[in-house]
Amino acid sequence: MSSIEQTTEILLCLSPAEAANLKEGINFVRNKSTGKDYILFKNKSRLKACKNMCKHQGGLFIKDIEDLNGRSVKCTKHNWKLDVSSMKYINPPGSFCQDELVVEKDEENGVLLLELNPPNPWDSEPRSPEDLAFGEVQITYLTHACMDLKLGDKRMVFDPWLIGPAFARGWWLLHEPPSDWLERLSLADLIYISHMHSDHLSYPTLKKLAERRPDVPIYVGNTERPVFWNLNQSGVQLTNINVVPFGIWQQVDKNLRFMILMDGVHPEMDTCIIVEYKGHKILHTVDCTRPNGGRLPMKVALMMSDFAGGASGFPMTFSGGKFTEEWKAQFIKTERKKLLNYKARLVKDLQPRIYCPFAGYFVESHPADKYIKETNIKNDPNELNNLIKKNSEVVTWTPRPGATLDLGRMLKDPTDSKGIVEPPEGTKIYKDSWDFGPYLNILNAAIGDEIFRHSSWIKEYFTWAGFKDYNLVVRMIETDEDFSPLPGGYDYLVDFLDLSFPKERPSREHPYEEIRSRVDVIRHVVKNGLLWDDLYIGFQTRLQRDPDIYHHLFWNHFQIKLPLTPPDWKSFLMCSG
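Residues numbered from 1 in each chain as written. Predicted model: local features only at pLDDT ≥ 70, side-chain atom pairs only at ≥ 80, totals over all residues. Heavy atoms only, no water.

Engineer: Hey, could you run me through helix 7 (residues 381-391) in this one?
Structural biologist: Residues that lie three or four places apart on an α-helix share one face, since the helix turns once every 3.6 residues. Of the positions making up helix 7, those classed as buried are Pro 381, Leu 384, Asn 385, Leu 387 and Ile 388. Buried residues in helix 7, looked at end-on, bunch into an arc of 160°, giving them a common side. At its buried positions, helix 7 is contacted by helix 5 (325-350), strand 23 (354-357) and strand 25 (395-396). Near the N-terminus of helix 7, the side chain that reaches the backbone nitrogen of Asn 382, with its oxygen 2.8 Å away, is that of Asp 380. (Buried < 20%, exposed > 50% of the residue type's maximum accessible area, 1.4 Å probe, protein only. Helix = DSSP H or I, 4+ residues; strand = E, 2+ residues; numbered from the N terminus. Arc of directions from axis to C-beta. Contact = heavy atoms within 4.5 Å. Polar contact = N/O pair within 3.5 Å; in protein donor to acceptor, adjacent residues only side chain to side chain.)

What follows is the structure, encoded as structure tokens:
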């Protein structure tokens, strides 16, 4: 069976008018050109979707008249019943889950239904698991999302962030990485970087590595926005970056292969990976929201995923309206709990032999972010592991920096005391100091840049950014450390309907958003044409909006879709001179 690169296929497009006409609850929809039928379940603004095809024997579903809640449909073949709100079959109970389709909104609020094809690419060329010798496969945790895997005589490292901050100056490492981390990275046969966020693609870390070994082989998925889109500007000299297609086995040696998969919700930037050694699979879903559209291999030897939450500016950086401290605290508590339950359910459904929560060990340690650190409570990995143990037979591992799991031992006997070797007694686990200075100096250097002497930089920058024809007015305010307007800083309006910069808000009806940004970070981002994740995920803004609506297209553009090359400030200065 030959491998086919995994792609997304559009199964159905609904126009904005058709999307607006979807009723609450169950909607039966047909693609008139293909004659294929689909079911969409609407709950307020959220949509779930699947093919109108029973998993049992492919029968068609119709409305279930016995269901008073309006959530289930009934198969015309054998009366199987599906609860479309959860995509679980209720008759027969505990049987299947319906395969969900990916639902995406387009620029105008139309709806697209997408399917990843082929859906289970890891099933091509299957291999039976062979016995593993003790010590043959060892997984060592370094910090945050970084693991060092020994697979026979090959070494593979995931997502090395081992020094410096992520997201401008908002995130810092919680754990002290093992002192030999650079040695470990230099010895790697391959490094996998899952996506472009700076807690996974850390240029300060890669700079150190490149000074020692610029030709280290690095592998990334073929995402729409290249993972290394900013490599030239970063000044990091890496010479061996390999972009691989989705869903195709990459053969490393006769025992080792890996496959990169895309995220169903953010296929343009997020990826996850399956590593297979002698038929034993290691699944690492990283930060994916719906890895591979929700279809993943079952009963793998080891599964790893993020767990912590708290990786967004919402709602800690918002104020006004409902955003009281009580509301935020309650929201954060509820969201964390939802995330814990979702991860526990995913692990229960996939039944890996061993599960390890990681990729959540960061802290907002800069003194100026004390408020965020205190409000942005994250999940505890032990709490998640206890929840998993309560509901399944899965063995769990909460890793500490430098701890090593021996896969051969653990698969043979999970109670083997040598299965997990903890770091030596007295090893420093948590960081208690961070070298803020050099990284803040880089940001501060942007404040006095010549481009900001000319107020026309504003028009230049937003024209370059290329977001317009959208009814939204934003007020941008440069601030000091404490988000108070900076004396002499810029404070201006941008009207994205016609990309104008009015002196006051227009008289027409318009949504309005006020964005206060720390001057060092916003100027660094503007000058270098960086994505706004540094501002938003890095907690470097304070936001107010009226009405309280999330402008997905605006934020998506500035977080993912900005041009790949920075603004041409050189010719701007020549013209402004």
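Engineer: Help me out: how do you make sense of the packing of helix 9 (residues 436-444) against helix 11 (residues 519-528) in this one?
Structural biologist: Packed helices, taken two at a time, are described by their axes: the angle between them and the distance between them. Axis separation between helix 9 and helix 11 bottoms out at 8 Å; the angle between their running directions is 65°. Residue-level contacts link Ile 442, Leu 443 and Asn 444 of helix 9 to Asp 520, Val 521 and His 524 of helix 11. A class-by-class count of the residues in the contact of helix 9 with helix 11 yields three nonpolar, two polar and one charged. (Axes fitted to C-alpha atoms, helices over the stretch in contact; angles between N-to-C directions. Nonpolar A, V, L, I, M, F, W, Y, C, P; charged D, E, K, R; others polar.)

Engineer: Got a minute to help me understand the sheet that holds strand 6 (residues 72-75) in this structure?
Structural biologist: In sheet architecture, strand pairing relies on hydrogen bonds along the backbone and comes in two forms, parallel and antiparallel. Read from one edge to the other, the open sheet built from four strands follows the order 5-6-7-8, with strand pairing classed as antiparallel. One side of each edge strand has no neighbouring strand; the edge strands of this open sheet are strand 5 (61-63) and strand 8 (88-91). On average, adjacent strands in this sheet sit at an angle of 40° to one another, irrespective of strand direction. The sheet contact formed by strand 5 and strand 6 spans three bridges and is antiparallel. If you follow Phe 61 over to strand 6, its bridge partner there is Cys 75. (Pairing = 2+ DSSP bridges.)

Engineer: Sorry, what's going on with the environment of Pro 178 here?
Structural biologist: Residue placement: Pro 178 occurs in the loop between strand 14 (172-173) and helix 2 (181-186). For Pro 178 and Pro 401, which are 223 residues apart along the polypeptide, the C-alpha to C-alpha distance reads 6.2 Å. The contact partners of Pro 178, leaving out residues within four places of it in the chain, are Tyr 141, Leu 142, Pro 401 and Gly 402.

Taken by themselves, the reported measurements are silent on function.
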